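# Understanding the architecture of this molecule
One letter stands for each residue in the lines below.
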Amino acid sequence: MSRADVLVLFGATGDLAKKKLFPALYEMEATGELEIPVFAVASSKWSQEEFKVRASSSIRERKAALEEPVNEDVLNKLLGKLFLVVGDYKDPLTFTKLREALTGFNLPVIYLAIAPGMFTDVTQGLANVNLTASARVVVEKPFGRDLSSAIELDESLKKLLPEDQIYRIDHYLGKESVEDLLVFRFANTLFEPVWNRNYISNIQITMSEDFGIDGRGKFYDEVGALRDVLQNHVLQVLTMLTMEPPIDMSSRALQDEKVKTLSSMRELIPDDVIRGQYVGYLEESGVAKNSQTETFVAMKLYIDNWRWAGVPIYLRTGKKMAETSMEAVVEFKQPPRQLFSLKGSKLPEPNIVRFRMGRHDGVDLSLQAKSPGSALITNTIDLTVEFAAALGERKEAYERLLDAAILGDHFRFTRIDAVLQSWAIFDDVLKAPSRLQPYFEGSWGPEDALDLVPGGWAICGKAADKNP
């Protein structure tokens, strides 16, 4: 694989660039990994200086939020590598100007941080000036809004680019904590033999947010929780938890196993899915008056293969919930006999492995130990590891993804057959969605969702089966 010699960023004045991409470029510059210039393309009629001020401000805001200082030398070095090309994405002259700006560069990474509806127009504009011949084109999610639109989008891109030049981003694949699921499973003999239907009772994955749509009403109302989070982020986590071991750690081998797992997932029907909308959503700016868009979704599904047959898998995501969390819980079956509980007392809790994939990522093991005293009864103890404390600080997802695209490594990107298979799982429920149920801010979603998991959902080390 050859290293790219220039990065081109479409959508440079957008929210993603401000919150994620410019801070990621700063961190790459700080570690010496950004050895190439960055040409930004935007329709905003800014001067070069105005553009650099915005990039600088986004980096300072991010560092302030992390309570970290800005290295002025690093920032100035990065700003010296930033260049702006102004023009409308539908204007052929924009691409001519970009072509001229890239004179002398041979292998560009072109990042489309723009709305999916613009992918084809921009890619066609790039092709018209011969910029796609050797380019690696990075496509931000969502990849369509259902199975048919994803197929249509792929066909339009494939007319201009082969699959090996397309890099589809799901930023969860850039998370260290998500990759750690593979290492935890396949590098530890303690767990690998019991990671199956014979020992595991159920799997739960929760991605909850304690905030709302943050002024993105028009965008969010056209997408909803299932399309925005569950079909991509949450399914990526699930495939890492449940896939078979690949023959090696190549991108192709990994993607092959992911597709096999997705192909084994039972197609959902509307009765399998609980949809919710937080009270007050209809008053949000940009939201349709009688919107039927869900801000919460929970479901039970099954993977109908040899390893996981009969094991229920519970997924949920929602906004304005009790807390912000990204966790996967693997609950093991109880021993065949309960030897260590007094008559009439509560049975010992099952063993669980909890993967925390949010900002304070790590892993928790819940085990049973003897309670002090003469009676042989048990108590639950948690063995907790914070990855940052144990292993050192880890890179943010977009740093790793940008670096991978520059290197030409597909390992942290998703392949089209996996994208289409994930849409196929939800095709029926998208065409005929279940009814919306209300829930209140600060809760764990609609009442029906709380009863989906026998014994209640597990989150943050506690049973969270009741609304506050």
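We now turn to the structure provided with this report. (Residues numbered from 1 in each chain as written. Predicted model: local features only at pLDDT ≥ 70, side-chain atom pairs only at ≥ 80, totals over all residues. Heavy atoms only, no water.)

## Notes on the overall build of the protein chain
A tally of helices and strands in the protein chain yields 14 helices and 17 strands. Here the C-alpha atoms of the protein chain give a radius of gyration of 24 Å, agreeing with the 23 Å that 2.2 N^0.38 yields for 468 residues. With the principal axes as the frame, the protein chain shows a C-alpha extent of 80 × 50 × 40 Å. Counting only residues that meet the buried cut, the protein chain has 53% of its 468 residues in that class. Approximately 21300 Å² of the protein chain is accessible, and the part contributed by carbon and sulfur atoms is 53%. (Helix = DSSP H or I, 4+ residues; strand = E, 2+ residues; numbered from the N terminus. Rg over C-alpha atoms; globule rule 2.2 N^0.38 Å. Buried < 20%, exposed > 50% of the residue type's maximum accessible area, 1.4 Å probe, protein only. Areas by Shrake-Rupley, 256 points an atom, 1.4 Å probe, with all protein chains shown as cover.)

## Quick look at a nonpolar patch on the surface
Nonpolar side chains collect at one region of the surface, where Leu339, Phe340 and Leu376 lie side by side and expose about 310 Å² of accessible area between them. By the element assignment, Phe340 lies in the loop between strand 11 (325–332) and strand 12 (352–356). Residue Phe340 is classed as partly exposed on the basis of its relative accessible area of 40%. (Patch = residues over 30% accessible without salt bridge, like charges linked within 9 Å, V, L, I, M, F, W, Y side chains within 5 Å. Salt bridge = Lys/Arg side-chain N within 4 Å of Asp/Glu carboxyl O.)

## Points about the packing of helix 1 (residues 15–30) against helix 2 (residues 48–65)
Close contact between helix 1 and helix 2 brings their axes to 8 Å; oriented N to C, the two are set at 85 degrees. One finds that helix 1 runs roughly perpendicular with respect to helix 2. Across the interface between the two elements, Lys18, Phe22, Pro23, Tyr26 and Glu27 of helix 1 pack against Phe51, Arg54, Ala55, Ser58, Ile59, Glu61, Arg62 and Lys63 of helix 2. In terms of residue class, the contact of helix 1 with helix 2 is built from six nonpolar, one polar and six charged. (Axes fitted to C-alpha atoms, helices over the stretch in contact; angles between N-to-C directions. Parallel < 35°, antiparallel > 145°, perpendicular 65-115°, else oblique. Contact = heavy atoms within 4.5 Å. Nonpolar A, V, L, I, M, F, W, Y, C, P; charged D, E, K, R; others polar.)

## Topic: the environment of Glu294
Summarising the element assignment, Glu294 is placed in the loop between strand 8 (273–278) and strand 9 (296–301). C-alpha separation for the pair Glu294 and Pro433, spaced 139 residues apart in sequence, amounts to 9.7 Å. Discounting residues that sit within four places of it in the chain, Glu294 has contacts with Tyr220, Val223, Gly224, Ala225, Leu226, Arg227, Arg275, Gly276 and Leu436. Within the structure, Glu294 has its side chain in polar contact with the backbone nitrogen of Leu226 (distance 2.9 Å). (Polar contact = N/O pair within 3.5 Å; in protein donor to acceptor, adjacent residues only side chain to side chain.)

## Quick word on unusual backbone geometry
Of note, the amide linkage connecting Lys141 to Pro142 takes the cis form, showing an omega dihedral of 5 degrees. Note on placement: Pro142 falls in the loop between strand 5 (136–140) and helix 6 (147–158). Phi is positive for Glu67, close to 60 degrees, though the residue is something other than glycine. Note that Glu67 resides in the loop between helix 2 and helix 3 (72–79). Not every positive phi belongs to a glycine, and Lys320 is a case in point at roughly 55 degrees. Note on placement: Lys320 falls in the loop between strand 10 (313–318) and strand 11. Lys320 gets classed as buried once you look at its relative accessible area, which sits at 18%.

## Structural notes on the sheet that holds strand 1 (residues 6–10)
Across the sheet, six strands lie side by side as 3-2-1-4-5-6; this open sheet has parallel pairing. Looking along the sheet, the strands with just one partner apiece sit at the ends: strand 3 (82–86) and strand 6 (166–169). Across the sheet, the axes of successive neighbouring strands diverge by a mean angle of 20 degrees, strand direction being ignored. (Pairing = 2+ DSSP bridges.)

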